[in-house]
Amino acid sequence: MAKDDEILEEGDELIELVDDDGNVINFKLLDVTEYKGEKYTLLLAAEPNDEIAEDEVVIFRFNEKEETLEPIEDETLLQEVFDFYQSETEDEDED
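What counts, and at which threshold
- Residues numbered from 1 in each chain as written.
- Predicted model: local features only at pLDDT ≥ 70, side-chain atom pairs only at ≥ 80, totals over all residues.
- Heavy atoms only, no water.
- Pairing = 2+ DSSP bridges.
- Helix = DSSP H or I, 4+ residues; strand = E, 2+ residues; numbered from the N terminus.
- Salt bridge = Lys/Arg side-chain N within 4 Å of Asp/Glu carboxyl O.
- Phe/Tyr/Trp six-rings, centres within 6.5 Å; stacked < 30°, edge-to-face > 60°.
- Buried < 20%, exposed > 50% of the residue type's maximum accessible area, 1.4 Å probe, protein only.

### So, the pairing of strand 2 (residues 14-18)
Move 1: Note that strand 2 and strand 3 (residues 24-35) share five bridges and pair antiparallel. For Val-18, the partnering residue across the bridge sits in strand 3 and is Val-24.
Move 2: Between strand 2 and strand 3, which pair antiparallel in sequence order, lie five residues; one of them, Gly-22, sits at a positive phi of approximately 85 degrees.

Below, the structure written as structure tokens:
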């Protein structure tokens, strides 16, 4: 979806990313979580479109050194990160 050098703007928890076709897609920052020593951003589409549903969570690896978001191609890793995030938020809700 986005290349690691395509973060355009970040602020007020709204992030603009450019897809491979040059289209700007606005996301809301849902959360940042750490899983197996890596940080991941969980994003929701700020404006639902044909590719991303309103309630669909999009996950990117956060490269702290370069301050970029990197797409994740591994479906298994995406599911692991999402499951980990859900378990973490459930634990917080119980406290």
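So, next bit.
### Observations regarding the pattern of salt bridges
Move 1: According to the stated counting rule, one finds three salt bridges in the structure shown.
Move 2: Across the pair Glu-38 and Arg-61 runs a salt bridge whose closest N-O atoms are separated by 3.9 Å. Linking Glu-38 in strand 4 (residues 38-45) with Arg-61 in strand 5 (residues 57-63), this pair joins segments that are 23 residues apart in sequence.

### Some thoughts on the packing of aromatic side chains
Move 1: A full pass over the atoms with the stated rule returns one aromatic pair.
Move 2: On the numbers, 5.2 Å between centres and 50 degrees between planes, the contact of Tyr-35 with Phe-84 is tilted. Here the residue Tyr-35 occupies a position in strand 3, and Phe-84 occupies one in helix 1 (residues 75-94), the gap between them amounting to 49 residues.
Move 3: For Tyr-35, a relative accessible area of 12% corresponds to the buried category.

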